[in-house]
Amino acid sequence: MDHDLQLLNVGKVYDNGTPAVIDFNLDVKKGEFIAFLGPSGCGKTTTLRMIAGFEDITSGDILIRGRRINDMPPEKRPTSMIFQNYALFPHMSVRQNVGYGLDVKGMAKAERDTKVDRILDKLGLLDIADALTHKLSGGQRQRIALARGLVVEPDILLLDEPLGALDANLRKAIQAELKLLQRNLGITFVFVTHAQSEALTLSDRIVVMNQGRVEQISAPAELYTRPNTAFVAQFIGRNTIFDGTVLDENSEQVKVETPFGIFTGTPNKSPSAGRSAKIIIPSESLEIHPAGSVTRDQISAEYSGNVLPGVMERADVIGHLVQMSITLVGGSSVLLEGHVEKYRRDDLKPLSDVLISWKSKNATVISAG
Amino acid sequence: MQTTVIKPVLSVYTGLFLLFLYGPFVVLGILSFQTGPNGGPQFPIIEWSTYWYQHVFGLTPPSRIAPLPIYEGLARSLTLAFMTMIVSTVLGVMSAQAFRTKFKGSDAVFYLIVLGMMVPGVLVGLGLALVANIVGIDRTWWGTAFVLHVVYTFPFAFLVMLAIFNRFDSSVEEAAWSLGVSPIKTFRKVTFPLIFPGVLSAMLFAFTLSYDEFSRTLFASGRDLTLPLAIYGTFSIEIHPNIFAFGVLTTLFSFSLLAVYAVLMTASLRRAKRVAIQEDA
């Protein structure tokens with residue numbers, strides 16, 4: 001079996017009866033980088049802590065390399081956890097912190113020192129190996145935590161918002177390091193974050209969670225272009241969403257009647273005719289046409305009816321991008337960005353009438369039931 | 001404007017506070033240097049001398065004033081305070097550790113523990129003496145009195161440790177577990193070093209509270225007296241400055257305990273600072 005980690009119908013109910021995690025199913029392949037993404041309180045950290053053994057599992061099973069570990073205490077599990085606050089041992093030097101996990105395994109001193117030095121070197125920590133940790137910078141401490149977690153060679157490294165306490169620049173730098181490290185080591189990473197950009201850049205697959213439930217498990221690109229649920233569409237990227245009813249369906253295209261017209265999109269979980277549905281259009285797929293240059297019918301023909309009139313509210317040039325805010329009929333507004341060369345035009349100035357359109361293949365239809 | 005009023009008022013208040021806090025000790029200290037054996041425990045000082053200190057240590061020629069009958073009491077009190085310190089601190093650390101997770105009936109248990117330092121000592125002492133009589137247990141300083149000392153000092157140790165654990169970041173323990181360190185070893189090697197300053201405070205509380213405990217011991221200790229009881233006993237005959245000299249010596253002993261405490265407390269911090277300075281250089 002090549003699964004490093006499996007969660008089978010895992011559920012967690014707190015002592016006071018509140019459900020924290022509901023029916024979580026996931027298979028993680030060896031060497032995969034998985035992110036749990038969701039707003040705070042969605043159950044992502046609870047799930048991670050259940051994998052680490054810090055929280056009891058109320059129902060379901062957790063398997064690591066095919067072995068059920070539900071009742072295994074944390075110190076026996078082949079996992080290692082990295083904490084947001086680093087959780088370094090303040091009374092030990094950097095070297096002692098990193099070597100401690102090997103000490104308790106009873107490893108010989110020489111072998112331990114070699115391993116510790118190797119990982120310290122890899123993470124650029126050799127210079128500060130004998131310092132105590134509390135005076136070091138956030139980035140250094142996070143690297144120490146990583147070294148300490150990795151040196152014990154866990155099957156799975158669990159990371160609980162490890163970059164949350166770092167400033168933006170440092171976060172970017174360590175993100176890149178982390179990705180590289182994971183690829184080199186080939187260890188499975190399970191990474192909890194509430195920052196979508198972090199999840200989108202780092203992971204092979206993302207588990208989007210909301211209110212204890214898994215909303216979608218997909219590769220980043222797919223999550224972006226083919227959201228499964230309205231929550232995912234709202235949480236990831238910038239999407240415009242219309243409610244409507246399915247008029248007509250086939251495997252390729254679905255027609256949805258909305259208060260603003262009949263639009264066509266690509267079905268995700270094929271909703272059947274007559275059912276209520278949502279059509280989700282990513283901002284990146286919207287095209288803007290000045291109202292004077294073309295008629296609505298022309299656009300409509302070209303874009304299979306996917307056209308809407310609106311008014312440009314704002315068009316701010318920021319470097320090479322134009323940030324635009326357009327109010328659509330019905331009062332909803334969309335935010336989008338485009339390149340200056342295409343969108344800095346006199347007939348796209350604020351208060352000009354525009355038409356927005358999109359291609360059917362770029363819009364996703366999901367059932368709203 | 002305000003500070004010109006408040007500052008003098010506060011300094012007078014502080015002065016009075018210090019006067020009442022240390023005044024008795026200063027008076028005691030001065031009188032302990034009265035001449036002997038004929039000088040009494042009152043002003044004026046007839047002649048400055050260290051006679052009474054020599055008397056405490058039995059270095060003076062025999063006179064009509066008998067040596068203080070307190071040396072066995074001192075040994076008992078030190079032993080008792082040491083035993084109490086160890087037991088109360090161990091209990092305090094363990095029970096505070098138990099209170100880190102809420103358990104069924106934890107509120108009730110909390111109040112039961114704290115009750116030990118709230119109830120009037122004379123009543124508990126008397127109560128235990130009665131119970132001991134009924135059950136037929138001999139009252140001893142190392143038995144019945146020891147139990148009462150632990151009941152009295154354990155809540156202090158418990159509350160100190162509760163406050164320490166309250167600020168304790170348990171993710172370092174979780175980090176140790178996830179590195180494969182067993183919970184017991186984690187407690188010894190990670191938790192305990194981090195809570196050690198609190199443990200020292202708890203020990204200091206337990207020791208000093210037990211060392212000069214009077215009311216509980218009075219009824220519960222039986223025939224053999226502890227130091228506070230022995231000193232109190234000397235008052236009923238005649239007071240000589242030798243008791244003051246002894247008082248000064250025990251106070252110095254307390255100061256040295258505090259000094260040991262302070263040294264132990266700052267040692268780890270200073271070491272940490274030194275390493276940090278080396279790091280900066």
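## Observations concerning the overall build of chain A
Reasoning step 1: Scanning chain A for helices and strands turns up 10 helices and 20 strands.
Reasoning step 2: Overall size of chain A, expressed as C-alpha extent along the three principal axes, is 80 × 45 × 35 Å.
Reasoning step 3: Residue burial in chain A is summarised as follows: out of 369 residues, 43% are buried.
Reasoning step 4: For chain A, contacts bridging at least 24 residues in sequence account for 65% of all contacts bridging at least 6.

## Focus on the packing of helix α2 (residues 94-104) of chain A against helix α4 (residues 138-151) of chain A
Residue and element names in this part refer to chain A.
Reasoning step 1: At a closest axis distance of 8 Å, the pairing of α2 and α4 adopts a crossing angle of 20°. Between α2 and α4, the crossing angle belongs to the class labelled roughly parallel. For the element pair α2 and α4, the recorded crossing hand is right-handed. Here α2 contributes Val94, Asn97, Val98, Gly101 and Leu102 to the contact with α4, which in turn contributes Ile144, Ala147, Arg148 and Val151.
Reasoning step 2: Split by residue class, the contact of α2 with α4 holds 6 nonpolar, 2 polar and 1 charged.

## Thoughts on the interface of chain B and chain A
Reports of interface size often rely on the accessible area that becomes lost once the parts have come together.
Reasoning step 1: Each partner contributes residues to the interface: chain B has 19 residues there, and chain A has 23 residues.
Reasoning step 2: Looking at the side of chain B that touches chain A, the elements with two or more residues in it are α7 (171-178), α8 (183-211) and α11 (242-280) of chain B.
Reasoning step 3: If you tally residues by element for the side of chain B that touches chain A, the top one is α7 of chain B, at 6 residues.
Reasoning step 4: Considered class by class, the residues forming the side of chain B that touches chain A number 11 nonpolar, 4 polar and 4 charged.

## Notes on unusual backbone geometry
All names here are of chain A.
Reasoning step 1: Look at aspartate 23: it is not a glycine, yet its phi comes out positive at around 50°.
Reasoning step 2: If you trace the backbone, aspartate 23 turns up in strand β2 (residues 19-29).
Reasoning step 3: A count of 15 C-beta atoms within 10 Å places aspartate 23 in the partly exposed class.
Reasoning step 4: Located in the positive-phi region is glutamate 153, a residue other than glycine, with phi close to 50°.

## Side note on the sheet that holds strand β1 (residues 3-13) of chain A
Residue and element names in this part refer to chain A.
Reasoning step 1: The strand order across the open sheet formed by 4 strands is β2-β1-β4-β5, and the pairing between neighbours is antiparallel. Edge strands, defined here as strands with exactly one partner in the open sheet, are β2 and β5 (67-68).
Reasoning step 2: Relative to β2, β1 runs antiparallel, the two being bridged by 7 bridges. For lysine 12, the partnering residue across the bridge sits in β2 and is valine 21.

## As for the nonpolar core
Reasoning step 1: One finds Leu158 and Val207 of chain A to be the most contacted residues of the largest nonpolar core, which totals 106 residues.
Reasoning step 2: For this core, the element with the highest residue contribution is α4 of chain A, accounting for 6 residues.
Reasoning step 3: The contacts of valine 207 of chain A, once residues within four sequence positions are left out, are Leu26, Ile34, Ala35, Phe36, Leu37, Val214 and Ile217 of chain A.
Reasoning step 4: Counting 30 residues, the second-largest nonpolar core is a separate cluster that includes Ala81, Trp141, Phe146 and Leu148 of chain B.

## Topic: the domain arrangement of chain B
Residue and element names in this part refer to chain B.
Reasoning step 1: Along its sequence, chain B is carved into domain 1 (1-65 + 240-281) and domain 2 (71-237).
Reasoning step 2: Taking the mean C-alpha position of each, domain 1 and domain 2 sit 27 Å from one another.
Reasoning step 3: Each partner contributes to the interface: domain 1 provides 5 residues, whereas domain 2 provides 6 residues.
Reasoning step 4: Among the residues making up the side of domain 1 that touches domain 2, the classes are represented as 4 nonpolar, 1 polar and no charged.

## Thoughts on the environment of alanine 230 of chain A
Residue and element names in this part refer to chain A.
Reasoning step 1: Examined against the element boundaries, alanine 230 turns out to sit in helix α8 (residues 230-235).
Reasoning step 2: A residue is classified by how many C-beta atoms lie within 10 Å of it, and alanine 230, with 16 of them, is partly exposed.
Reasoning step 3: Between the C-alpha atom of alanine 230 and that of valine 94, which follows or precedes it by 136 residues, the distance is 46 Å.
Reasoning step 4: Look past the residues within four positions of alanine 230 in its chain and what remains in contact with it is Ile241, Lys278, Ile366 and Ala368.

What counts and how
Residues numbered from 1 in each chain as written. Chains lettered and ligands numbered in written order. Predicted model: local features only at pLDDT ≥ 70, side-chain atom pairs only at ≥ 80, totals over all residues. Helix = DSSP H or I, 4+ residues; strand = E, 2+ residues; numbered from the N terminus. Buried ≥ 20, exposed ≤ 12 C-beta atoms within 10 Å, placed from the backbone. Contact = placed C-beta atoms within 7 Å. Axes fitted to C-alpha atoms, helices over the stretch in contact; angles between N-to-C directions. Parallel < 35°, antiparallel > 145°, perpendicular 65-115°, else oblique. Left-handed = near helix turned anticlockwise from the far one by under 90°. Nonpolar A, V, L, I, M, F, W, Y, C, P; charged D, E, K, R; others polar. Pairing = 2+ DSSP bridges. Core = buried A, V, L, I, M, F, W, Y, C linked by C-beta atoms within 7 Å. Domains from an automatic or database assignment.

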